[in-house]
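Spelled out from the first residue to the last, the chains are:
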Amino acid sequence: DTAVSQTPKYLVTQMGNDKSIKCEQNLGHDTMYWYKQDSKKFLKIMFSYNNKELIINETVPNRFSPKSPDKAHLNLHINSLELGDSAVYFCASSQGTQPGQPQHFGDGTRLSIL
Amino acid sequence: AQKVTQAQTEISVVEKEDVTLDCVYETRDTTYYLFWYKQPPSGELVFLIRRNSFDEQNEISGRYSWNFQKSTSSFNFTITASQVVDSAVYFCALGNTGTASKLTFGTGTRLQVTL
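Residues numbered from 1 in each chain as written. Chains lettered and ligands numbered in written order. Predicted model: local features only at pLDDT ≥ 70, side-chain atom pairs only at ≥ 80, totals over all residues. Heavy atoms only, no water.

Trainee: Before we go on, may I ask you to explain the pattern of salt bridges in this structure?
Mentor: Per the stated rule, a full pass over the model turns up seven salt bridges over all chains. B:K102 is the partner of A:E58 in a salt bridge, and the nearest nitrogen-oxygen pair spans 3.3 Å. Here B:K102 lies in the loop between β10 (88-95) and β11 (103-105) and A:E58 lies in the loop between β6 (53-57) and β7 (64-70), a pairing that spans two chains. By relative accessible area, B:K102 is classed as partly exposed at 22%. As a salt-bridge pair, B:R51 and B:E59 come within 2.8 Å of each other at their nearest N and O atoms. For B:R51, a relative accessible area of 7% puts it in the buried group. (Salt bridge = Lys/Arg side-chain N within 4 Å of Asp/Glu carboxyl O. Helix = DSSP H or I, 4+ residues; strand = E, 2+ residues; numbered from the N terminus. Buried < 20%, exposed > 50% of the residue type's maximum accessible area, 1.4 Å probe, protein only.)

Trainee: When you look at the environment of A:K71 in this model, what are you seeing that I'm missing?
Mentor: Summarising the element assignment, A:K71 is placed in the loop between β7 and β8 (73-78). In contact with A:K71, other than residues within four places in its own chain, are A:Q25, A:G28, A:H29, A:D30, A:M32, A:N51 and A:K52. (Contact = heavy atoms within 4.5 Å.)

Trainee: Looking at this structure, I do not really get the nonpolar core. What am I missing?
Mentor: A general feature of soluble globular proteins is that nonpolar side chains tend to end up buried together. Ranked by size, the top nonpolar core spans 23 residues in total, and within it B:W36, B:F77, B:Y90 and B:L111 carry the most contacts. Mapped by element, the contributors of at least two residues to this core are β2 (10-14), β3 (19-21), β5 (33-39), β8 (64-69), β9 (74-79), β10 and β12 (109-114) of chain B. With four residues, the top contributor of residues to this core is β10(B). Discounting residues that sit within four places of it in the chain, B:F77 has contacts with B:V19, B:T20, B:L21, B:W36, B:L48, B:Y64, B:S65, B:W66 and B:Y90. With 19 residues, the next largest nonpolar core counts A:L11, A:I21, A:L74 and A:I113 among its residues. (Core = buried A, V, L, I, M, F, W, Y, C linked by side-chain atoms within 4.5 Å.)

Here it is as structure tokens:
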């Protein structure tokens, strides 16, 4: 039944490590997104893919690399983790790229860097 | 540039009170979309409503109602007869009309409803 699912839900790791977060949607949507929510709850878009093509790439360090093997999956790989990467990362999906399509969010992945 | 302002950081009400959450937006687009999302303590983001810039009709859904006024660039959200389950952080967001539907979020309003 889960529409947008992210794994893992929690990720605790040390500075300098490399980690990945996976996202899958079963809504049949063709556009997927990654957002970052910081400790003050501020939500900001990072990336968006439409049919496996990158269409939004905000000012994000190149240590962050999204990968979309197919339109139902958008994974986020982070190299050389830093303390400032601690946040909740949300995956979302929508139908098409037309403005106004509601985005449906996963439950988030809480990343904590020690 | 797109901007969404939710000036109320935190609101506390007693159950059954009505409460209005304010949202003011800035955009140069003539066509745009506004959204409200709810983030309960469990952390997920729940879509509540979408409104496009050409439709200024107010909307009511149960205890929830939304007032969109282009003249003041506001899209306010009212909860009538609030309940403890309404306790959450509520986000207003603005969708642009560029190549992709990018959402610009406000900073959120934390609503605490107590007995």
